[in-house]
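# Analysis of the macromolecular model
Here is how the chains run, residue by residue.
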Amino acid sequence: MLPAPAHGIAGTLWLRTLLVGGLLASCPVLGWSWGKLGHATVAEIAATQLTPAATEQVRSLLKNDLDRDQQPSGRTTLAHIASWPDEIREIAPAGTYKGWHTRANPVCSEALGACTDGHCVDQLIIHNAQILQDPAQTPRARNEALKWVVHLVGDLHMPMHSGVYGKDIQVNLEGQPTRPGTTLHQAWDNSLTKLALAGSPVVATPLPEFTSAPAADAPTQWMRETRLLSRQFVYDPLPGFSCGAELHGPVVLDLGYQQQSAPLIREQLGKAGLRLAQLLNAALR
Ligand SMILES: [Zn+2]
């Protein structure tokens, strides 16, 4: 069993992790990639925190959901649709959605990364939440806005989607088969997330701060917070890292690095789920 989060972000332990036998075994996302597991985890947590009104609107908005080929998808839950923006990217011309799922905020400065035409993770959450809450929009527009919001709130809380340093480098994970070409970003999205979720699902308990309507710029605030965590957990423990130094791969992520990442990833997934519910409850009244 993984240790409970103990790194004391903001001094509050608002997320508890429990060993709930069998939940993962019955989870419909098995067989998907682990990136999808992270997104489905966020969506499943959010679904447990929705108001009755938001639950009903989600059900209605997903009633005629379409897959990436514009065919009826049969998908009815937030977890089912949580990776749709990744799916449409796979079949779109290269570069169509470049930068939409991230924002390259430097971890060594206060500046924010570029956001060309509003196409970056925090601004797209804000934009799509506005479409979602607007009854004058078409059902299809609101359906797609829902799918973007669900996915991007998860992405924003993955540390390297909100804070980066230099170019992505090649890494190897101690104790794991060497997979040539694996980058630091891929390791955080997939291998480290898989390790963090092994054994027990994340169970998030909302404190009052997660039940009020979020501020208009809340996604940008969440992104700035995540950037700090990227610095603290992705880069500071990385061999050879200091602000101004050039990073060279491949770098070995040793067992200590991996173990440190697990409680953070669990806490981020839980936090993303609670904040996603905050957004949806405010938009779908
Ligand atoms: Zn994504």
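We now turn to the structure provided with this report. In this text the structure is predicted, and so the values were computed from the model without any measurement. Starting afresh in each chain, residues are numbered from 1 along the sequence in its written order. Restriction of local features to residues with pLDDT of at least 70 applies here, the model being predicted, together with a cutoff of 80 or more for giving and counting side-chain atom pairs; totals for whole chains, interfaces and linings are based on all residues. Excluded from the side-chain calculation are hydrogens and water; included are all heavy atoms of the structure.

### As for the overall build of the protein
- A run of H or I in DSSP becomes a helix once it reaches four residues, and a run of E becomes a strand once it reaches two; helices and strands are each numbered from the N terminus. Regarding its fold elements, the protein presents 10 helices and four strands.
- In the protein, the succession of helices and strands from N to C terminus is β-α-α-α-α-α-α-α-β-α-β-α-β-α.
- Accessibility here uses a 1.4 Å probe with only protein chains present; expressed as a share of the type maximum, an area under 20% marks a residue as buried, one over 50% as exposed, and anything in between as partly exposed. Sorting the 285 residues of the protein into buried and exposed places 48% on the buried side.
- Taking the intrachain contacts of the protein between residues at least 6 apart in sequence as the baseline, contacts between residues at least 24 apart amount to 73%. Whether two residues touch is decided by their heavy atoms; if any such pair falls within 4.5 Å, the residues are in contact.

### Here's the deal with helix 10 (residues 255–283)
- What a helix is expected to span follows from its residue count: subtract one and scale by 1.5 Å. The terminal C-alpha atoms of helix 10, which comprises 29 residues, lie 42 Å apart, in line with the 42 Å expected from a rise of 1.5 Å per residue.
- For helix 10, the buried fraction is high: 24 of the 29 residues fall into the buried class.
- Contacts described as polar in this section are N or O atom pairs within 3.5 Å, which, within protein, must combine one atom able to donate a hydrogen with one able to accept it, while residues neighboring in sequence count only if both atoms come from side chains. At the N-terminal end of helix 10, a side-chain oxygen is found 3.2 Å from the backbone nitrogen of Gly256, two or three residues along, and the residue is Asp254.

### Regarding the packing of aromatic side chains
- Each Phe, Tyr or Trp ring (for Trp, its six-membered ring) is paired with any other whose centre lies within 6.5 Å, and the angle between the two planes then decides the class: stacked below 30 degrees, edge-to-face above 60, tilted in between. Throughout the structure, instances matching the rule amount to eight aromatic pairs.
- A centroid spacing of 6.2 Å and a plane angle of 65 degrees characterise the contact between Tyr165 and Tyr235, whose relative ring orientation is edge-to-face. Separated by 70 residues along the polypeptide, Tyr165 in the loop between helix 7 (159–162) and strand 2 (171–173) and Tyr235 in helix 9 (residues 218–235) bring together distant segments of the chain.
- Under the relative-accessibility criterion, Tyr235 is labelled buried at 2%.
- The rings of Trp84, Tyr97, Trp100 and Trp148 are connected pair by pair, giving a single aromatic cluster.
- One cation-aromatic arrangement involves Lys147 over Trp84; the distance from NZ or CZ to the ring centre is 4.1 Å. Note on criteria: charge over ring means Lys NZ or Arg CZ within 6 Å of the ring centre, with the direction from the centre no more than 35 degrees off the ring normal.

### Points about the packing of helix 2 (residues 52–61) against helix 6 (residues 139–157)
- One way to put it is that helix 2 packs onto helix 6 with a least axis distance of 9 Å and a crossing angle of 115 degrees. Between helix 2 and helix 6, the interaxial angle falls into the category roughly perpendicular. By crossing handedness, the relation of helix 2 to helix 6 is classed as left-handed. Side by side, helix 2 and helix 6 meet where Gln57, Val58 and Leu61 of the first sit next to Pro139, Arg142, Asn143 and Leu146 of the second.
- When residues are grouped by polarity, Ala, Val, Leu, Ile, Met, Phe, Trp, Tyr, Cys and Pro land in nonpolar, Asp, Glu, Lys and Arg in charged, and all others, Gly among them, in polar. Looking at side-chain class alone, the contact of helix 2 with helix 6 contains four nonpolar, two polar and one charged residues. For every element, the axis is a line fit to its C-alpha atoms; helices are fit only across the contacting stretch, and the angle between N-to-C directions ranges from 0 to 180 degrees. To sort the angles, those under 35 degrees are grouped as roughly parallel, those over 145 as roughly antiparallel, those from 65 to 115 as roughly perpendicular, and the leftovers as oblique. Throughout, a crossing is termed right-handed when the near helix is turned clockwise from the far one, and left-handed when it is turned anticlockwise from it by less than a right angle.

### Brief notes about the environment of Glu56
- Among the structural elements, Glu56 can be located in helix 2.
- The exposure class assigned to Glu56 is partly exposed, which follows from its relative accessible area of 40%.
- Between the C-alpha atoms of Glu56 and Leu284, which are 228 residues apart in sequence, the distance is 8.9 Å.

### Overview of the side chain of Ser83
- Following the sequence through the fold, Ser83 ends up in the loop between helix 3 (78–81) and helix 4 (84–91).
- Residue classification places Ser83 among the buried positions, given a relative accessible area of 2%.
- Not counting the four nearest positions on each side in its chain, Ser83 is found in contact with Lys36, His39 and His151.

### Section: the state of the cysteines
- Sulfur atoms of two cysteines make up a disulfide when they are within 2.5 Å. All chains considered together, the criterion is met by two disulfides.
- Covalently, Cys108 is tied to Cys243 through a disulfide, its sulfur atoms 1.9 Å apart. Its S-S torsion of about -85 degrees marks the bond between Cys108 and Cys243 as left-handed, since a negative value means left-handed. Separated by 135 residues along the polypeptide, Cys108 in the loop between helix 4 and helix 5 (121–132) and Cys243 in the loop between helix 9 and strand 4 (251–253) bring together distant segments of the chain.
- Residue Cys115 pairs covalently with Cys120 via a disulfide, S to S 2.1 Å. Between Cys115 and Cys120, the S-S torsion sits near -90 degrees, and that sign places the bridge as left-handed.
- According to the relative accessible area criterion, Cys120 is buried, its value standing at 1%.
- What links to what in the protein: the bonded cysteines, counted in sequence order, pair as 1-4, 2-3.

### Let's talk about the packing of helix 8 (residues 184–197) against helix 10
- Contact geometry of helix 8 with helix 10 gives a least axis separation of 9 Å together with a crossing angle of 80 degrees. One element, helix 8, and the other, helix 10, form an angle in the roughly perpendicular class. Across the interface between the two elements, Leu184, Trp188, Leu192, Thr193, Leu195, Ala196 and Leu197 from helix 8 touch Tyr257, Gln258, Ser261, Ala262, Leu264, Ile265, Arg266 and Leu269 from helix 10.
- A breakdown of the residues in the contact of helix 8 with helix 10 according to their chemical character gives 11 nonpolar, three polar and one charged.

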